[in-house]
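Chain by chain, the residues run as shown.
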Amino acid sequence: MNGAVLYGPRDIRFVERQDPTIVESTDAIIRTSAVCVCGSDLWPYRGVDPITRPTPMGHEYCGIVEEVGSDVRIVKPGQFVVGSFFASDNTCPICRAGYQSRCVNAEPIGALGAQAPFLRVPHADGTLVATPDIPPDDLIPSLLAASDVLGTGWFAADAAAAGPGKTVVIVGDGAVGLLGVLSAKQMGAERIVAMSRHEERQRLAREFGATDIVTERGDEGVARIKDMTDGLGAHSVVEAVGTQESMLQAIRSTRPGGHVGFVGVTHGVALPGLELFYAEVHLLGGPAPVRRYLPELIDLIWNRTIDPGKVFDQTLPLEQVAEGYRAMDERRAIKTLLVPA
Ligand SMILES: [Zn+2]
């Protein structure tokens, strides 16, 4: 098969890769129905995360189970499944507490390269969730979104304690931030403030449930949030970027006793201790335990309560993966869906 392989900064190629096979008896092989490019893929693509050897890319996926190992009991060939970007056994104490992304046996799907027509998924029974039936084509983008961006936005809103009566601020207008808006809306937030200066993304944020748009960032952005909340700051803030500026903007926009859910993969973030001490906010973040939310998210998509697939504003054949990365890198696309041949 051919799949996406990163060779160096901005050098991604659709090249021959070995067909995946069952390695462990708990593995499954799936034929991907759709995959996509993640905002976090742009860190290595831009050379911020160094690449030392040709690296298969991609960690968001959904598709049909082709084959399972001899110890797989729940997942069956022929099922349509969605999985998280971390494979997890879903049985260890960390998984049972709901933090499957940090499973003691976690394996990153990114290392297996999901931007390909076939994918080996470790811990199939713990990782994959089957849909009630083979989905109609128009649900596939939303089911794919559940694999990471929606699951991550949902975790961020949950970690930020979004809910009825709350003012929720979203820092970051990428796909995760936009789906953080959708998640906060679904959780019943009263006021949802999207911080964005990009017209197309503001429009989608409003469609997903944002009540207010703030275009200022940094200290000016924080001042605007304070103005809107009687000088107190928001109850809940989602951080979906991962830079020093965005992290401080999120913490400083939160009122004492409020919650920050941070899911942008941090790069060069160092928090000032004394400021953090007196901020007196709850901080919870990290790689989202998407597996915890998958059954609920699949249900909301299946009964058409939510339509997170709207974040995909570009669809390409998988062989044009290089153009998909370019479009996202240049912010011409919010998120690119790739369809294997
Ligand atoms: Zn586990």
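Residues numbered from 1 in each chain as written. Predicted model: local features only at pLDDT ≥ 70, side-chain atom pairs only at ≥ 80, totals over all residues.

Novice: Whenever I open this one, the environment of Val281 confuses me. Can you help?
Specialist: In this fold, Val281 is placed in the loop between helix H10 (273-279) and strand S16 (282-285). Taking the number of C-beta atoms within 10 Å as the measure of exposure, Val281 has 20 and is therefore buried. A C-alpha to C-alpha distance of 5.7 Å links Val281 and His259, two positions 22 residues apart in sequence. If we ignore the near neighbours within four places in the chain, the residues touching Val281 are Ile251, Thr254, Pro256, Gly258, His259 and Val260. (Helix = DSSP H or I, 4+ residues; strand = E, 2+ residues; numbered from the N terminus. Buried ≥ 20, exposed ≤ 12 C-beta atoms within 10 Å, placed from the backbone. Contact = placed C-beta atoms within 7 Å.)

Novice: For this particular structure, what's the right way to read the sheet that holds strand S4 (residues 55-56)?
Specialist: Sheet strands line up and pair through hydrogen bonds in the backbone, either parallel or antiparallel. Strand order across the open sheet formed by three strands is S2-S1-S4, with antiparallel pairing between neighbours. For this open sheet the edge positions go to strand S2 (11-16) and S4, each flanked by a neighbour on one side alone. The pairing of strand S1 (residues 2-8) with S4 spans two bridges and is classified as antiparallel. Residue pairing for S4: Val5 is matched across the bridge by Pro56. Where helix H12 (residues 321-329) meets the sheet, it contacts S1 and S2, and its direction lies at approximately 160° from that of S2. (Pairing = 2+ DSSP bridges. Axes fitted to C-alpha atoms, helices over the stretch in contact; angles between N-to-C directions.)

Novice: Please clarify how the nonpolar core should be interpreted in this entry.
Specialist: One recurring pattern in soluble globular proteins: nonpolar side chains tend to sit buried together. Counting residues in hydrophobic clusters, the biggest one holds 107 residues, and the most contacted among them are Ala28, Val168, Ile170, Leu179 and Val181. Each of domain 1 (2-148 + 289-339) and domain 2 (153-285) contributes no fewer than three residues to this core. Beyond its immediate stretch of four places on either side in the chain, Ala28 contacts Val65, Glu67, Val68, Val72, Val75, Val121, Ala124 and Leu128. (Core = buried A, V, L, I, M, F, W, Y, C linked by C-beta atoms within 7 Å. Domains from an automatic or database assignment.)

Novice: Would you mind showing me how to read H12 here?
Specialist: Note: α-helices contain 3.6 residues per turn, so residues at a spacing of three or four share the same orientation. By the burial criterion, the buried members of H12 are Val321, Gly324, Tyr325 and Met328. Along the axis of H12, the buried residues cluster in a sector spanning 95°; they form a single face. In this structure, the buried side of H12 is in contact with S1, S2, helix H1 (42-45), strand S17 (314-317) and strand S18 (336-339). Downstream of H12 by one or two residues, Arg331 has phi in the positive range, about 55°. (Arc of directions from axis to C-beta.)

Novice: Any chance you could explain the packing of helix H5 (residues 149-159) against helix H11 (residues 290-302) here in plain terms?
Specialist: Packed helix pairs are characterised by how far apart their axes lie and by the angle those axes make with each other. For the pair H5 and H11, the least separation of the axes is 9 Å and the interaxial angle reads 105°. What the angle tells us is that H5 and H11 run roughly perpendicular. Every residue of H11 that contacts H5 at Leu150, Gly151, Thr152, Trp154 and Phe155 is listed here: Val290, Tyr293, Leu294 and Leu297. (Parallel < 35°, antiparallel > 145°, perpendicular 65-115°, else oblique.)

Novice: Looking at this structure, how should I read the domain arrangement of the protein chain?
Specialist: When the parts come together, some accessible area is lost, and that loss is often what is quoted as the size of the interface. Partitioning the protein chain into domains gives domain 1 (2-148 + 289-339) and domain 2 (153-285). In this structure, domain 1 and domain 2 have C-alpha centres spaced 26 Å apart. Residue-level contacts link 14 residues of domain 1 with 14 residues of domain 2. Grouping the constituent residues of the side of domain 1 that touches domain 2 by class yields 10 nonpolar, two polar and two charged. (Nonpolar A, V, L, I, M, F, W, Y, C, P; charged D, E, K, R; others polar.)

Novice: I tried to follow the sheet that holds strand S13 (residues 212-214) on my own but got confused; where do I start?
Specialist: A sheet is described by the order of its strands in space; here six strands give the open sequence S13-S12-S11-S14-S15-S16, paired in parallel fashion. Among the strands making up the open sheet, the edge pair consists of S13 and S16. Averaged over all pairs of adjacent strands, the angle between strand axes in this sheet comes to 20°, irrespective of strand direction. Pairing analysis gives four bridges linking strand S15 (residues 254-262) to S16, with the strands arranged parallel. Residue pairing across strands places Val260 opposite Leu283, the latter belonging to S16. In this fold helix H8 (residues 218-228) packs onto strand S11 (167-171), strand S12 (191-195), S13 and strand S14 (234-239), with an angle of close to 150° to the strand it touches most, S13.

Novice: How should I be thinking about the pairing of S2 in this particular structure?
Specialist: Here is the key point about a regular strand: its side chains alternate between the two faces of the sheet. Note: S1 against S2, six bridges, orientation antiparallel. Residue pairing across strands places Gly3 opposite Val15, the latter belonging to S2.

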